[in-house]
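# Chain and residue survey
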Number of protein chains: 2
Amino acid sequence: EGDAAAGAEKAARCMACHGAEGKSAIPLYPHLAGQQAPYLAHALHAYQKGERSGGQAEVMKAFVAGLSDSDIEDLAAYYSGLKP
Amino acid sequence: EGDAAAGAEKAARCMACHGAEGKSAIPLYPHLAGQQAPYLAHALHAYQKGERSGGQAEVMKAFVAGLSDSDIEDLAAYYSGLKP
């Protein structure tokens, strides 16, 4: 279980694409607010492991490269807790 | 732009995992309700093209194999129009 407050501090890097409150203003980028935390964590790990290609996958891979497992859990907890 | 009403008729195959109203009861499966339609369409095409692996990617690939581009646009319109 991640720490949403810690995730909020780590989320600055995500806001340009996914919006300040996890609701993206760019139609090709997903809303994250209220999403399932385990799914969000799975998706971040998938980008790290190169299990996703095409679209913005390479951009995402660069953004998540330096994240630890607990960073990922915290970000997932933060975004899943936001109002969709 | 997809046809949400047509998408509703095509969504029966998605409900077991993503919920009757696009809100999944299974934490590892994403909520689809209210998600960005272009992102949903992109994700479905990514599964079709094998651009996603790991996790449930193979299951998703089987589910979307037979979908046409307009099926995908309709499903994306349907789910993005649901209340998150």
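Here is what the cut-offs are and how they apply
- Residues numbered from 1 in each chain as written.
- Chains lettered and ligands numbered in written order.
- Predicted model: local features only at pLDDT ≥ 70, side-chain atom pairs only at ≥ 80, totals over all residues.
- Heavy atoms only, no water.
- Phe/Tyr/Trp six-rings, centres within 6.5 Å; stacked < 30°, edge-to-face > 60°.
- Buried < 20%, exposed > 50% of the residue type's maximum accessible area, 1.4 Å probe, protein only.
- Lys NZ or Arg CZ within 6 Å of the ring centre and 35° of its normal.
- Axes fitted to C-alpha atoms, helices over the stretch in contact; angles between N-to-C directions.
- Helix = DSSP H or I, 4+ residues; strand = E, 2+ residues; numbered from the N terminus.
- Parallel < 35°, antiparallel > 145°, perpendicular 65-115°, else oblique.
- Contact = heavy atoms within 4.5 Å.
- Nonpolar A, V, L, I, M, F, W, Y, C, P; charged D, E, K, R; others polar.

## A few points about the packing of aromatic side chains
For any pair of aromatic rings, the description consists of the separation of the ring centres together with the inter-plane angle of the planes. Residues and elements named next belong to chain A. As enumerated under the stated definition, the model contains two aromatic pairs over all chains in all. With centroids separated by 4.8 Å and ring planes inclined at 65°, the aromatic side chains of Y78 and Y79 adopt a geometry described as edge-to-face. Each of the two residues, Y78 as well as Y79, counts as buried. For R52, the ring lying beneath its charged end belongs to Y47, and the centroid distance is 5.1 Å.

## Topic: the packing of helix α3 (residues 37-48) of chain A against helix α4 (residues 57-64) of chain A
All names here are of chain A. Closest axis-to-axis distance for the α3/α4 pair is 8 Å, and the angle between their directions is 100°. Relative to α4, α3 is oriented roughly perpendicular. Where α3 abuts α4, its residues L44, Y47 and Q48 lie against A57, M60, K61 and V64. When the residues that make up the contact of α3 with α4 are grouped by side-chain class, the tally is five nonpolar, one polar and one charged.

## Brief notes about the side chain of Q36 of chain B
Mapping Q36 of chain B onto the fold places it in the loop between α2 (15-18) and α3 (37-48). Classification of Q36 of chain B as buried rests on a relative accessible area of 14%. If sequence neighbours within four positions are ignored, Q36 of chain B has contacts with S24, A25, I26, P27, Y29 and H31 of chain A together with S80 of chain B.

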